[in-house]
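Chain by chain, the residues:
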Amino acid sequence: MLMKYTEKTLAKAHRDGQRHPVWLLYGNETYLVERWAKILLGDESGNPFNAQRLDGKAPDLEALWDAVQAMPFFAEEKRVLLDGLEASSLGDKDLQAFETLLEELPDTTTLIITAKDPGFGNAAGGKKIIKLVEQLGAAVELGTPSAGDLEQFLQREAERQGCMLDSATARYILQICPNDMQILQHELDKICSYAQKGKITRQQVDAVAVPKIEARAFDLQQYILRGDAGGALRLLANLFSLREDPVAILAALSMGFCDLYRAKCVRNAGGTKDTLVNDFGYRSEYRARKAYEESARHSISRLRRMVLMLCDCDRLLKSTAVDARLRLEQLTVELSALCREGRP
């Protein structure tokens, strides 16, 4: 049969009522894998005899055989979910038995298999299972959605909760929050609950959403560049209260200053923002544009010195028993003081 789907073709097949004896859902977006498994399985509480869930990490093929061979109870179809199958779950002997099980699925049974390990599709065992399922049913790779898909996802979910989310605010949420769909769903639930009904504003997002560390590091960088050591230290204290890893904070902060240094080099060489994007492979035009604009306010010698200070701090945190919080606070004050000085 050799059927392989994406989420969009899966959604169309589901709307059209297309049926396969076996579905395999895998990929690096666990939220989509679990969401589609729930949709395909149907209502477990309504009739547990016709919607059965089995553990896939250490599959009991005998129990799975009994489940798929059992006739549906006062219904036309029975659905069985083998949840969390791993690439190493089936050896060669088990794989042969599994192939026989799939080949002999009754017309009244649909088997749904989920694989939640992001590396499943690249592992040798995973490839064998995918190939087998493609011959007998449908394999669906649910990868990371595009920015446009995530924007539409947020807008659909907001509408479902009685709120209206415009494109600009949706993109702002994607800018400050991790782009993991499970986290986005959780953050949007909080935002909608806070907003209650009507249009969601950026102020409401800022009030309850927890920004990813890169977004907080950008704010920290802005305090430093203004020479505002007090504001930078308050934000740093907030990051520590959230139990953020000091090395991760420093890495995100360093990334921002490296962006500035690259942008200044490009500017000094007569390049434009587009040069920066193309030469350094930036995937975010916004990030490159902000760095290019900000770089005009600083000399290359100052930015070079700041990058070297960040590198020294990184080496200390990773190779010595220095108090990480204290050293980051010291670095923050030193960088802020450097930005308060006249341009060298």
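Summarised in this report is the structure supplied together with it.

Criteria and cut-off values
- Residues numbered from 1 in each chain as written.
- Predicted model: local features only at pLDDT ≥ 70, side-chain atom pairs only at ≥ 80, totals over all residues.
- Heavy atoms only, no water.
- Helix = DSSP H or I, 4+ residues; strand = E, 2+ residues; numbered from the N terminus.
- Expected span 1.5 Å × (residues − 1).
- Buried < 20%, exposed > 50% of the residue type's maximum accessible area, 1.4 Å probe, protein only.
- Arc of directions from axis to C-beta.
- Contact = heavy atoms within 4.5 Å.
- Salt bridge = Lys/Arg side-chain N within 4 Å of Asp/Glu carboxyl O.
- Phe/Tyr/Trp six-rings, centres within 6.5 Å; stacked < 30°, edge-to-face > 60°.
- Lys NZ or Arg CZ within 6 Å of the ring centre and 35° of its normal.
- Axes fitted to C-alpha atoms, helices over the stretch in contact; angles between N-to-C directions.
- Parallel < 35°, antiparallel > 145°, perpendicular 65-115°, else oblique.
- Left-handed = near helix turned anticlockwise from the far one by under 90°.
- Nonpolar A, V, L, I, M, F, W, Y, C, P; charged D, E, K, R; others polar.
- Pairing = 2+ DSSP bridges.
- Right-handed = clockwise from strand over helix to strand, strands pointing away.
- Polar contact = N/O pair within 3.5 Å; in protein donor to acceptor, adjacent residues only side chain to side chain.
- Core = buried A, V, L, I, M, F, W, Y, C linked by side-chain atoms within 4.5 Å.

This brings us to helix H15 (residues 300-319). For H15, spanning 20 residues, the distance from its first C-alpha to its last is 29 Å, which sits close to the expected 28 Å at 1.5 Å a residue. Where H15 is concerned, the buried positions are Arg302, Leu303, Met306, Val307, Met309, Leu310, Cys313 and Leu317. Buried residues along H15 cover an arc of 155° about the axis, so they all sit on one side. With respect to the buried face of H15, the exposed residues turned more than 90 degrees away are Leu308, Lys318 and Ser319. Close packing links the buried residues of H15 with helix H10 (213-225), helix H12 (246-268) and helix H16 (324-340).

Among the secondary structure elements, Gly17 is positioned in the loop between helix H1 (7-15) and strand S2 (22-26). In this structure the C-alpha to C-alpha distance between Gly17 and Val133, which are 116 residues apart in sequence, comes to 19 Å.

On inspection of all chains with the given rule, the structure shows 23 salt bridges. Glu77 is the partner of Arg79 in a salt bridge, and the nearest nitrogen-oxygen pair spans 3.4 Å. Residue class for Glu77 comes out partly exposed when judged on its relative accessible area of 23%. Where salt bridges share partners, they join Lys273, Asp274, Glu285, Arg289 and Glu293 into one cluster.

For the structure on display, the rule yields 4 aromatic pairs. Both rings, one in Phe73 and one in Phe74, keep their centres 4.7 Å apart while their planes meet at 80°; by these two values the pair is edge-to-face. When the ring centre of Tyr172 is taken as origin, the NZ or CZ atom of Arg202, which lies over that ring, is 3.8 Å away. Against the face of Tyr292 rests Arg267, its NZ or CZ located 4.0 Å from the ring centre.

Turning our attention to helix H4 (residues 92-103). For H4, built from 12 residues, the straight-helix expectation of 16 Å at 1.5 Å per residue is met to within 8% by its first-to-last C-alpha distance of 17 Å. Among the residues of H4, those classed as buried are Leu95, Phe98, Leu101 and Leu102. In an axial view of H4, the angular spread of the buried residues amounts to 115°, which keeps them on one side of the axis. Residues of H4 that are exposed and point more than 90 degrees away from the buried face comprise Asp92, Lys93 and Gln96. Against the buried residues of H4 lie S2, helix H3 (61-69), strand S4 (78-83), strand S5 (109-115) and helix H5 (124-136).

Further remarks concern the packing of H12 against helix H14 (residues 285-295). In the contact formed by H12 and H14, the axes pass within 8 Å of each other and the chain directions differ by 65°. By the angle between their axes, H12 is roughly perpendicular relative to H14. Like other packed secondary-structure pairs, H12 and H14 cross with a definite hand, here right-handed. Here Met255, Asp259, Leu260, Arg262, Ala263, Lys264, Val266 and Arg267 of H12 lie close against H14, whose contacting residues are Arg287, Ala291, Tyr292, Glu293, Glu294 and Ser295. Of the residues assigned to the contact of H12 with H14, the class counts are 6 nonpolar, 1 polar and 7 charged.

A word on the pairing of S4. On any regular strand, side chains alternate: one points to one face of the sheet, the next to the other face. Of all 6 residues in S4, 5 are buried, a share of seventy percent or more. Sheet analysis places strand S3 (residues 51-55) next to S4, joined by 5 bridges and oriented parallel. Within the sheet, the bridge partner assigned to Arg53 lies in S4 and is Leu81. Where the polypeptide runs from S3 across H3 and back to S4, its parallel neighbour, the crossover connection is right-handed. Alignment of S4 against S5, held across 5 bridges, turns out to be parallel. What sits directly across from Leu82, in S5, is Ile113. One crossover worth recording links S4 to the parallel S5 by way of H4, and it is right-handed.

Our next topic: the side chain of Ser89. Residue position: Ser89 is located in the loop between S4 and H4. Looking at Ser89, the relative accessible area reads 14%, which means it is buried. At a separation of 3.5 Å, a polar atom in the side chain of Ser89 contacts the main-chain carbonyl oxygen of Gly56. In this structure the side chain of Ser89 is engaged in a polar contact, spanning 3.0 Å, whose partner is the backbone nitrogen of Glu86.

Another point: the nonpolar core. Leu25, Leu154, Ile173 and Ile200 are the most contacted members of the largest nonpolar core, which totals 41 residues. Of all elements in the fold, only H1, S2, helix H2 (30-41), strand S6 (138-141), helix H6 (147-160), helix H7 (167-176) and helix H8 (181-195) reach the threshold of two or more residues within this core. If you tally residues by element for this core, the top one is H2, at 7 residues. In contact with Ile173, not counting residues within four places along its chain, are Leu154, Leu165, Leu184, Leu188, Ile191 and Val205.

This part takes up the environment of Leu174. Looking at the element boundaries, Leu174 is found in helix H7. The exposure class assigned to Leu174 is buried, which follows from its relative accessible area of 9%. When neighbours within four sequence positions are excluded, Leu174 is seen to be in contact with Ala147, Leu150, Glu151, Leu154, Asn179, Leu184 and Lys212.

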